[in-house]
Amino acid sequence: MASIKVSNPQNALIRECSFNPTDSSIVCVVGDGILKFMQLKDGFKTLPVAPPKLQSFMCHAWLHDDKMIVGCDNGDLLLFDNAGEFQCVLPTSPGEPRAATCVIPCSKGFIIGGDDGRIRIYEKSDEPKEIYRQAKLLQVEPNSGAAVRSLALSPSEELLGVTTSSAQLYQLSLLGQDLMKAEETPAFEPVLSHFHTGAILGLDVCIRKPLVVTCGIDKSARVWNYFEKTCVMCRWFNEEAYSIAFHPSGFHLIIGQSDKLRLMNLLMEDMKTYKDIAIKQCRECRFSNGGQYFAAVNTNATNAIQVYKTYTGEPIDTLKGHTNKVRSVAWTADDSMLVSTGADGAVYEYFVQAETGNPGRDGRRNAHDFVQKTSSFSCVIVHADQSSNFNTMYVVGNDQLLRKIYKGESSGTVKAGTTLGQIVLANSGKGLFAAVAEPDAPGRIRCYKFPLNGGDNSCEWTDFSAHAAPATRLRISADDFYLFSTAEDGTLFVFDVKRKDRNMSKRDKESALPLADEILVTRTFLDDKQGQLNEFERQVDELSNQQEFQLRHRDSFHKEEMVAMDEKYTAEIDEERQKYEVLREEKNDAEMEAEENIKGLLEHHAKQDQDLEQSFQEKMMEEVNKYQKLAAERDEIHRKWGEQHQRVIAEHQKKVNELQAKFQAEQKADMEAIERILNEKALAENVHAETMRQLELDTDREIEELKEDKETRLRAERDDKVRLRGQAGIHKRNGEELSKQMAQKEDERQRYQEEARKKDDKIAQLNKEREHNAKEIRQRDSTIGDKEGKIYELKKQNQELEKFKFVLDYKIRELKAQIDPKNDKIAEMKKEIQAMDSDLEDYHRKNTQLQVNIQQLTNKHKTLQDDIVSQRKKMTDCQTVIKRFKTDLHECVQFIQEPRLLKESVTALYKKYVPNGVKKQELDTDIQREYNRQRDYLEKSVDNLKRKLLKDSDVHRQDNTRVLQENVQLIIEINNLRREIDYLKRERQQQRLHVSKLKSNTTSKSSTGRIEYRVCAEGAVPQGIL
């Protein structure tokens, strides 16, 4: 439609551009030193805008109240109207550098975010000076330094979406749980889960479970469920993780970090380390296909590959041979061999197991090695050839080729046209996938048809756009249904792999092993969960008992309340009937008084009507006189205005004629001046052409003179050259002899320098090894000293804790003795509180019912008052008609002696007061039917209530009888218990006397103690019962 260049001459950055939501022809553009408003009308037209000063404008937004807000680099917020006119700088601006890098409008105001990781919510202010006030300040990721990159608001304004510089996506609820009034800062929740921050360096997929694990430079390891698209677990470390491997069972992990190699168990809610191996900065580790072994690259041990047993952690062998960093390792299908490649351009095969039928060969390289020193390989895969006993390897590197290696030789290459960093082969052997790792380029995923049939130069492939940075890892699931890739942009992509000729996957076959759902937990975890379960069951039982007791209590209370309410309502109905009788008598008295007042008001009203009619006639005469006078004045003004209008038109025509004559004279003078200037221009052009011709002639003459001079000097130089050539031949022979002597000396000097350089290199290498060994010795000595100090401190702490334990045990026993009586008191007080709460609820319920009753009675009273007023009005109208009829009847009686006039008077009187005839008063059938229906309904309701009242009375009487019987039984039991207590007291007194007699016998102390204990124990039961 239209285009325009809006940047400045320095080509500054344009940050945002948007249309006005209320006027789609207005466009706003902001950037570094750029703030422009344009109108889209037959192309872009720039509108004049005058901001306070040109600076870096970061963002802008159109607000709902026909205004626009602009955020600046220095933290100021500029307010414009929709037409682009600057209004003010908000006094509530943040004022901090880059505190407003993104803004979004909302119904109450707007929301801004900045590089300080803060989100500020602004609302419309009632104060005219403030305009907008800061209602809330929120921190997205405290103490992380992450900046807010963009904001998004849902259409209902219930959720706020936030993206940060740490590659995270959060959401914040803006619902009515008083976000603006909350004292605590609301939490930002991830939309899906937390993502990696920075590059992902490690990736592996599990065979038995739908899980994939990743690690990166953000010092975290994350386990993802690619079926549910969720992050199952995340573990943070103190060091960066360079590589990671997943055991086929899904229960174990290997993580290579900067200080060690960790072997970890994948538990239900955590990753627990069970062994550390001293391999620093391990950038490649892989489990074998069976999971019984794993291989790890040790760059500190001459780039060796160390193989361990998974379940014991014992080392099997150290595989050497690479002279540079090892980039990739791969196991064969039967785990008998290991293939590796690295930056030295070598591809080696190692025998790993001694049980493969080749005793003594484990740890040795196969004879078929491949070395390409000019290349640096990054990934290798191995494919078992079923027709022979040899393996086929495929490698990629910085030479932009996909190589096929068979028996140590390159049997084919495929030109990729770009650097491939990672490759993976489908388990079905039908496809090969590669990841592009070109520096500063997007990481595409490439798919080749396998086996490769493109010859030595090219092969067909399909590219899929994925990452925004070079890819780092590539894996495929065991059933070939999912492809996983990671890159330096911190993203994990999951691709669905589909083939047209595939009817079912490995998982869909009847003989296929289904995915495992077992988990790994510790005994402590199970004990904690069992304890929590028992505690929850106990709480459920307590709540059930409490609810049953409350329900029984409420039922009994409701029954008593119903009886009381019936009695109360019966009394109130009688009282209301008495009040109604009193009001009816007062109504009759008021009606008589109102009739007398109405008579007086009618007489007064007739008199006022006459006075008002007379005054109205006088005022009408005055207004007519005023109107006639104003009409005459209006005609005079119209006449004067017409004369003045004709005079002005004549003067205007005269002035126009004068201006036209003056313009024609000025136009003639201008034409003469233009003609004179054109003549002068032609003359100047002729003079210039003649001058140029003379200059060209002079230049040609000077060139000829210089040419002759130079030719003379050239002949002299040639003669000198012939003479000097003879002298040069003599000097050349002497120089050749000297060169031979110098070459001999130079060879001797280089030989001596080479020997000295080798000795210096050896000395430097030995010095480095000595410094490295000394450094390791110092580190280990310091580590041992620190650990001994920690052991000593822990021993001291253990002794102190033992002392505290003894003291605390003693205090616990004392506190338990004090807690029991207090617990009893607390239980009693809880019961009292519950009883009081139930009483309070009853009181509140009664008050609510009483308020409802009062409201109903008030409405009834109001209805009665309205009925009284309407009846009084009807009565007044009827009395007025009767009085008027009496007057007319009296006039009609005057013609009693004249029958004809009397008949006419009576006919007129009938037509006046009975215009529509006498209607027969009939009762509407619908009203009668509705009345009968309501009467039947009320009679049935009264019968039902009577039956319910009788039934409730019987139940209440039975309850009282039952309670009375229970009280009698309890009194009987109390009397029996009292008799037992008296009996036990006498028996205890006799036993005490018997014990005092046996004190003299020292051999019976233990038995005496047991007797006292038994007596005290037996005596405690009745006391508790009492």
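The written sequence of each chain sets the order in which its residues are numbered from 1. Only residues with pLDDT of at least 70 are given local features in this predicted model, and only at 80 or more are side-chain atom pairs given and counted; all residues enter the totals for whole chains, interfaces and linings. Note that the side-chain values use all heavy atoms of the structure and ignore hydrogens as well as water.

Per an unreviewed UniProt entry, the chain goes by the name Cilia- and flagella-associated protein 57 and belongs to Durusdinium trenchii.

Draft legend 1. How the structure looks around the overall build of the chain. Looking only at helices and strands, the chain has four helices and 43 strands in total. Between the two quantities, the radius of gyration covers C-alpha atoms and the globule rule is 2.2 Å times the number of residues to the power 0.38. Since a compact globule built from 1026 residues should have a radius of gyration of about 31 Å, the 55 Å found for the chain marks it as more spread out than a globular shape. Along the first, second and third principal axes, the C-alpha set of the chain runs to 185 × 155 × 65 Å. The cut-offs for exposure are 20% and 50% of the maximum accessible area for each residue type, with area from a 1.4 Å probe on protein chains only; residues under the lower value are buried, those over the upper are exposed, and the others partly exposed. For the chain, with 1026 residues in total, the buried portion stands at 27%. Put simply, DSSP H or I for four residues or longer makes a helix, DSSP E for two residues or longer makes a strand, and each gets a number counted from the N terminus.

Draft legend 2. Spatial organisation of the state of the cysteines. The definition used for a disulfide is geometric: two cysteine sulfur atoms within 2.5 Å. For the structure on display, the rule yields zero disulfides. Just so you know, C231 is unpaired, no disulfide at all, and the nearest cysteine sulfur is the one on C234, 5.6 Å from it. With no disulfide partner, C285 has as its closest neighbouring cysteine sulfur the one in C282, 4.9 Å distant.

Draft legend 3. Looking closely at the packing of aromatic side chains. By convention, a stacked pair of Phe, Tyr or Trp rings (six-membered ring in the case of Trp) has centres within 6.5 Å and planes under 30 degrees apart, an edge-to-face pair has planes over 60 apart, and any other such pair is tilted. Using the criterion set out here, one finds 17 aromatic pairs in the structure. Where F110 meets Y122, the ring centres are 4.9 Å apart and the plane angle is 15°; that geometry is what we call stacked. One end of the pair, F110, is in strand 10 (residues 109-113); the other, Y122, is in strand 11 (residues 118-124), with twelve residues separating them in the sequence. The exposure classification of F110 matches that of Y122, with both residues buried. Between the aromatic rings of F294 and Y308, the centroid separation amounts to 5.4 Å while the plane-to-plane angle is 15°, which identifies the pairing as stacked. Of this pair, F294 sits in strand 26 (residues 293-298) while Y308 sits in strand 27 (residues 304-309); the two residues are 14 residues apart in sequence, bridging distant segments of the chain. Comparing F294 with Y308 shows no difference in burial state: the two are buried. Following the ring pairs from residue to residue traces out a cluster consisting of F37, W62, F80 and F86.

Draft legend 4. Structural context of the sheet that holds strand 19 (residues 220-225). Pairing in this open sheet of four strands is antiparallel, and the strands run 17-18-19-20 from one edge to the other. Each edge of the open sheet is held by one strand with a lone partner, namely strand 17 (200-205) and strand 20 (230-236). For this sheet, the mean inter-axis angle between neighbouring strands, taken without regard to orientation, is 20°. DSSP-based pairing: two strands are paired if at least 2 bridges between them are found. Judged from the five bridges that link them, strand 17 and strand 18 (residues 211-216) form a sheet pairing that is antiparallel. Each bridged residue has a counterpart across the sheet, and for L203 the counterpart in strand 18 is T214. Lines fitted to C-alpha atoms define the axes here, with helix axes fitted over just the stretch in contact, and angles between the N-to-C directions of these axes take values from 0 to 180 degrees.

Draft legend 5. The packing of helix 1 (residues 523-893) against helix 2 (residues 899-913), seen in detail. For the pair helix 1 and helix 2, the least separation of the axes is 10 Å and the interaxial angle reads 165°. Regarding the angle of helix 1 to helix 2, the classification is roughly antiparallel. In this structure, the crossing between helix 1 and helix 2 has a hand that is right-handed. Taking contact as the criterion, the partners of V881, R884, F885, D888, L889 and C892 in helix 1 are, on helix 2, L902, S905, V906, L909, K912 and Y913. The labels follow the angle: roughly parallel below 35 degrees, roughly antiparallel above 145, roughly perpendicular from 65 to 115, and oblique for the rest. By convention the crossing between two helices is left-handed if the near helix lies anticlockwise of the far one by an angle smaller than a right angle, and right-handed if it lies clockwise. We call two residues in contact when some of their heavy atoms are within 4.5 Å.

Draft legend 6. Representation of the UniProt feature "repeat: WD" (unreviewed entry) in the chain within the structure. UniProt positions are given in the numbering used here, feature names are shortened, and annotations may be inferred rather than shown by experiment. Look at the UniProt record and you will see "repeat: WD" (unreviewed entry) annotated at residues 319-350 and 464-505. Taken end to end, residues 319-350 comprises 0% helix and 56% strand; its first and last C-alpha atoms sit 7 Å apart.

Draft legend 7. Examining the pattern of salt bridges more closely. When a carboxyl oxygen of Asp or Glu lies within 4 Å of a side-chain nitrogen of Lys or Arg, that pair is called a salt bridge. Taken as a whole, this structure holds 36 salt bridges when the rule is applied. Note that D959 and K559 form a salt bridge whose closest N and O atoms lie 3.9 Å from each other. Residue D959 is located in helix 3 (residues 925-998), and its partner K559 is located in helix 1; the two are separated by 400 residues in the primary sequence. Assessed through its relative accessible area of 24%, D959 is described here as partly exposed. On the basis of relative accessible area, K559 is assigned to the partly exposed category, the value being 40%. Ionic pairing is found between E575 and K579, a salt bridge with its closest N-O pair at 3.8 Å. Note that E575 and K579 are positioned in helix 1 at a spacing of four residues, about one turn of the helix. We classify K579 as partly exposed; its relative accessible area is 41%.

Draft legend 8. View of empty space enclosed by the protein. The rule is simple: put a 1 Å grid over the protein atoms alone, call a set of points where a 1.4 Å probe fits but cannot get out a cavity, call an open set with protein on both sides within 12 Å along at least five of seven lines a pocket, and count a residue as lining if it has an atom within 4 Å of a point. Grid points are joined across faces, edges and corners, and a volume is the space filled by probe spheres set on the points. Per the stated rule, a full pass over the model turns up two cavities of 30 Å³ or more. Within this model, the largest cavity holds a volume of roughly 60 Å³. For the largest cavity, the full set of lining residues is K559, M562, V563, D566, L949, D952 and H956. For the lining of the largest cavity, the elements supplying multiple residues, two or more each, are helix 1 and helix 3. Among the elements that line the lining of the largest cavity, the one with the most residues is helix 1, at four residues. Here the lining of the largest cavity is built from residues that sort into three nonpolar, one polar and three charged. Taken together, E591, A594, E595, R872, M875, T876 and Q879 make up the lining of the second largest cavity. Amino acids outside the nonpolar list (Ala, Val, Leu, Ile, Met, Phe, Trp, Tyr, Cys, Pro) and the charged list (Asp, Glu, Lys, Arg) are all regarded as polar, and Gly is one of them.

Draft legend 9. Here's a closer look at a negative patch on the surface. In this scheme, patches are assembled from residues that exceed 30% relative accessible area and form no salt bridge. Like charges are connected within 9 Å, while nonpolar side chains (Val, Leu, Ile, Met, Phe, Trp, Tyr) are connected within 5 Å. Under the convention used here, a 1.4 Å probe and the Shrake-Rupley method define accessible areas, while residue burial counts only the protein chains that appear. Under the counting rule used here, the positive set is Lys and Arg, the negative set is Asp and Glu, and His together with the chain ends is not counted. Lysine's charge is taken at NZ, arginine's at CZ, aspartate's at CG and glutamate's at CD. Together, E696, D700, E702, E704, E705, E708, D709 and E711 make up a negatively charged patch on the protein surface. Among the structural elements, D709 can be located in helix 1. The class of D709 is partly exposed, set by a relative accessible area of 42%.

Draft legend 10. How the structure looks around the layout of surface pockets. Estimates place the volume of the largest pocket at around 1,000 Å³. Lining of the largest pocket is provided by 42 residues; of these, R286, N289, W331, L425 and N427 occupy positions nearest its centre. Mapped by element, the contributors of at least two residues to the lining of the largest pocket are strand 17, strand 25 (285-287), strand 29 (326-331), strand 33 (377-384), strand 37 (420-425) and strand 41 (471-476). Looking at the lining of the largest pocket, the element that brings in the most residues is strand 33, giving seven residues. Residue composition of the lining of the largest pocket, grouped by class: 22 nonpolar, 13 polar and seven charged.

Draft legend 11. Quick look at the sheet that holds strand 33. Read across the open sheet, the four strands follow the order 33-34-35-36; overall the sheet is antiparallel. A strand with exactly one partner marks an edge of an open sheet, and here the two such strands are strand 33 and strand 36 (409-415). With direction set aside, neighbouring strand axes in the sheet form an average angle of 20°. Looking at chain direction, strand 34 (residues 391-397) and strand 35 (residues 401-406) are connected through five bridges and run antiparallel.

Draft legend 12. Seen up close, the pairing of strand 8 (residues 86-89). Here strand 7 (residues 77-81) runs beside strand 8; their pairing, made up of three bridges, is antiparallel. Note that in strand 8 the partner of F80 across the bridge is F86. Where strand 7 hands over to strand 8, the hairpin turn is made up of four residues, of which G84 adopts a positive phi near 95°.

Draft legend 13. Representation of the side chain of S125. Topologically, S125 is positioned in the loop between strand 11 and strand 12 (132-139). S125 gets classed as buried once you look at its relative accessible area, which sits at 12%. Beyond its immediate stretch of four places on either side in the chain, S125 contacts E130, I131, Y132 and R133.

Draft legend 14. Layout of a nonpolar patch on the surface. Together, L801, F804, L808 and I812 make up a nonpolar patch on the protein surface, roughly 410 Å² of accessible area in all. On the secondary structure map, L801 appears in helix 1. Residue classification places L801 among the exposed residues on the basis of a relative accessible area of 53%.

Draft legend 15. Inspection of the confidence of the model for the chain at higher detail. Residue-level confidence of the predictor, termed pLDDT, takes values from 0 up to 100. Looking at the chain as a whole, the pLDDT averages 82, with 91% of positions reaching at least 70. Low pLDDT, under 50, characterises residues 1003-1026; the predicted model gives this stretch 13 contacts beyond four residues in sequence or across chains.

Draft legend 16. Broad picture of unusual backbone geometry. The residue after F450, namely P451, is reached through a cis peptide bond having omega 0°. Summarising the element assignment, P451 is placed in the loop between strand 39 (445-449) and strand 40 (461-464). Notably, K229 is not glycine yet its phi reads approximately 60°, a positive angle. Note on placement: K229 falls in the loop between strand 19 and strand 20. On the basis of relative accessible area, K229 is assigned to the exposed category, the value being 53%. One non-glycine residue, D335, lies in positive phi territory at about 60°. Note that D335 resides in the loop between strand 29 and strand 30 (337-342).

Draft legend 17. Representation of a positive patch on the surface in the model. Where like charges cluster on the molecular surface, the positive patch consists of K280, K775, R778 and R780. Among the structural elements, R778 can be located in helix 1. On the basis of relative accessibility, which here comes to 54%, the residue R778 falls in the exposed class.

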